[in-house]
Amino acid sequence: MRKVVKFGGSSLASAQQFEKVAEIVHAEASRRYVVPSAPGKRFRKDTKVTDMLYGCYALAEQDEDFSENLHQIEERYQEIIDGLSLTLSLEDEFAVIEKNFRAHVGKDYAASRGEYLNGIVMAAYLGYEFVDAAQVVFFKENGEFDAVKTNEVLGERLQNMENAVVPGFYGANPDGSIRTFSRGGSDITGSIVAKAVHADVYENWTDVSGFLIADPNIIPNPEKIETITYRELRELSYMGASVLHEEAIFPVRSEGIPINIRNTNEPDNSGTWIVESTCQKPKFVITGIAGKRGFCSVNIEKDMMNSEIGFGRRILQAFEDNGISFEHVPSGIDTMTVFVHQDEFMDKEQNVVAAIHRLAKPDMIDIEGDLALIAVVGRGMRSTRGTAGRIFSALAHANINVKMIDQGSSELNIIIGVSDGDFENAIRAIYNMFVLVQL
Ligand SMILES: Nc1ncnc2c1ncn2[C@@H]1O[C@H](COP(=O)(O)OP(=O)(O)O)[C@@H](O)[C@H]1O
Ligand SMILES: N[C@@H](CC(=O)OP(=O)(O)O)C(=O)O
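This section reports on the structure supplied with the text. (Residues numbered from 1 in each chain as written. Chains lettered and ligands numbered in written order. Predicted model: local features only at pLDDT ≥ 70, side-chain atom pairs only at ≥ 80, totals over all residues. Heavy atoms only, no water.)

### Focus on the overall build of the chain
Then step 1. Scanning the chain from terminus to terminus reveals 14 helices and 16 strands.
Then step 2. For the chain, the C-alpha atoms occupy an extent of roughly 75 × 55 × 40 Å along the three principal directions.
Then step 3. Every one of the 439 residues in the chain was classed for burial, and the buried ones make up 53%.
Then step 4. Taking the contacts inside the chain whose residues are at least 6 apart along the sequence as the reference set, 74% of them involve residues at least 24 apart.
Then step 5. Here the chain has roughly 19,900 Å² of accessible surface; of this, 45% comes from carbon and sulfur atoms.
Then step 6. Where the 43 positive side-chain charges of the chain centre and where its 64 negative ones centre are 5 Å apart. (Helix = DSSP H or I, 4+ residues; strand = E, 2+ residues; numbered from the N terminus. Buried < 20%, exposed > 50% of the residue type's maximum accessible area, 1.4 Å probe, protein only. Contact = heavy atoms within 4.5 Å. Areas by Shrake-Rupley, 256 points an atom, 1.4 Å probe, with all protein chains shown as cover. Lys, Arg positive; Asp, Glu negative; His and termini not counted. Charge placed at Lys NZ, Arg CZ, Asp CG, Glu CD.)

Structure below.
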């Protein structure tokens, strides 16, 4: 049995958390490969080390004095080192970091030091070997992750190592400079390592006892999801369920390696299993609910548009020409609506409108901002009639106006558009309808 264990920032925020982590790792000999994040928040208003590093580097980039900021970061590590009674010194490491910050080596390098240093501390504490991710995780010239080279080099490097710590979140560009994944990217590293070592399980340890049916910041103590498929998870994490990075499933999915989400603060809880397929029936019709704010809808009207061949393509071309990706495109007989990310769209809004007029000659264009999209996801929905009806009914009872509904052809998800202001109430109403009433 071979396991890769990734610990998130919340699991590594302090010496006390490190102690829990070591207990978990040493509890099973199979937990051979450890992927740590940078120290996260110790309390609600605390700052993650990654954010401290970004802030510190921003000063360095402006040639402003950053010594106090860097010192505060060093103190966070020192507190952990002292709390664990380690004899390790990071003095030389911080001297190199300071020099590189002064030389403006890059924002990604700066952010990556959180995981790099935590990896060194973790390896010393566990008695595991440290492997710098810059030597084993690679990106291509165009910035894409180089899965083939990484798998080969990482697999070979770890093959004969009994135990190792590989820091999450970063790797190297072809010229050797550091590049990070997007925020939360240590989850991706964990998955990459699991694939490279042909792990039996990828354990992802965090501060909640599994993937929950809804965001615990919106629903107090939501029910846990026992088992979820990769496809369901992809829908939920893409739509904002931040417990696992949306790209983290790809490396393990191709190998059929299950992911087990676990809680460092409650290690006896079996957590959530993320699998390719299962005959286990979900407890409720829906598996989970997730959502994101910050969308904008562009409603286009033109009489008889449905009979005009190429109309849809011309509309979408207006977005493509302006470098804007779209989320959903529900359409009617004489109307078509394109949902886009508001922050991406805002600056180019009038260019897109002009392009639509030029390319598709619509009768009217109407833009509405401050919308939220909610995904109701579940493999159980396919075999249950009336799910959309129940969602509508729940939202109507909560006095929420539904702006859009879109059911994926896989019948795995239903997407609902509501006003930003209704976002949390809508999630509560759906949770109550499908989960609370059944408990
Ligand atoms: N559906 C969900 N299930 C569990 N946690 C969720 C969900 N949606 C959002 N979260 C949030 O995700 C957090 C865990 O992710 P993250 O903060 O990235 O942890 P880590 O520091 O371990 O990487 C939880 O504390 C919770 O607030
Ligand atoms: N430390 C990085 C990468 C990461 O994955 O962190 P966490 O596991 O705490 O989400 C970030 O804050 O984005």
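### Quick look at the site of ligand 1
Then step 1. Taken together, 18 residues surround ligand 1, and among them Ser10, Thr206, Asp207, Leu212 and Asn217 come closest.
Then step 2. Separating an oxygen atom of ligand 1 from a side-chain N or O atom of Asp207 is a distance of 2.8 Å.
Then step 3. Side-chain polar atom of Asn217 to an oxygen atom of ligand 1: 3.1 Å apart, as the coordinates give it.
Then step 4. Relative to its unbound accessible surface of 570 Å², ligand 1 loses 84% to contact with the protein.
Then step 5. When the residues that make up the shell around ligand 1 are grouped by side-chain class, the tally is eight nonpolar, seven polar and three charged. (Near = heavy atom within 4 Å. Polar contact = N/O pair within 3.5 Å; in protein donor to acceptor, adjacent residues only side chain to side chain. Nonpolar A, V, L, I, M, F, W, Y, C, P; charged D, E, K, R; others polar.)

### With respect to the site of ligand 2
Then step 1. Surrounding ligand 2, one finds Lys6, Gly8, Gly9, Ser37, Lys48, Thr50, Glu115, Phe169, Arg183, Gly184, Gly185 and Ser186.
Then step 2. In this structure, an oxygen atom belonging to ligand 2 sits 2.8 Å away from a side-chain N or O atom of Arg183.
Then step 3. For ligand 2, whose unbound accessible area comes to 340 Å², protein coverage reaches 90%.
Then step 4. Residues of the shell around ligand 2, tallied by class, amount to one nonpolar, seven polar and four charged.

### Quick notes on unusual backbone geometry
Then step 1. The phi torsion at His198 lies on the positive side, around 50 degrees, for a residue other than glycine.
Then step 2. Relative to the helices and strands, His198 resides in the loop between α7 (186–196) and β7 (201–206).
Then step 3. A residue is classified by how much of its surface remains accessible, and His198, at 56% relative accessible area, is exposed.
Then step 4. Although it is not a glycine, Met304 adopts a positive phi angle of roughly 65 degrees.

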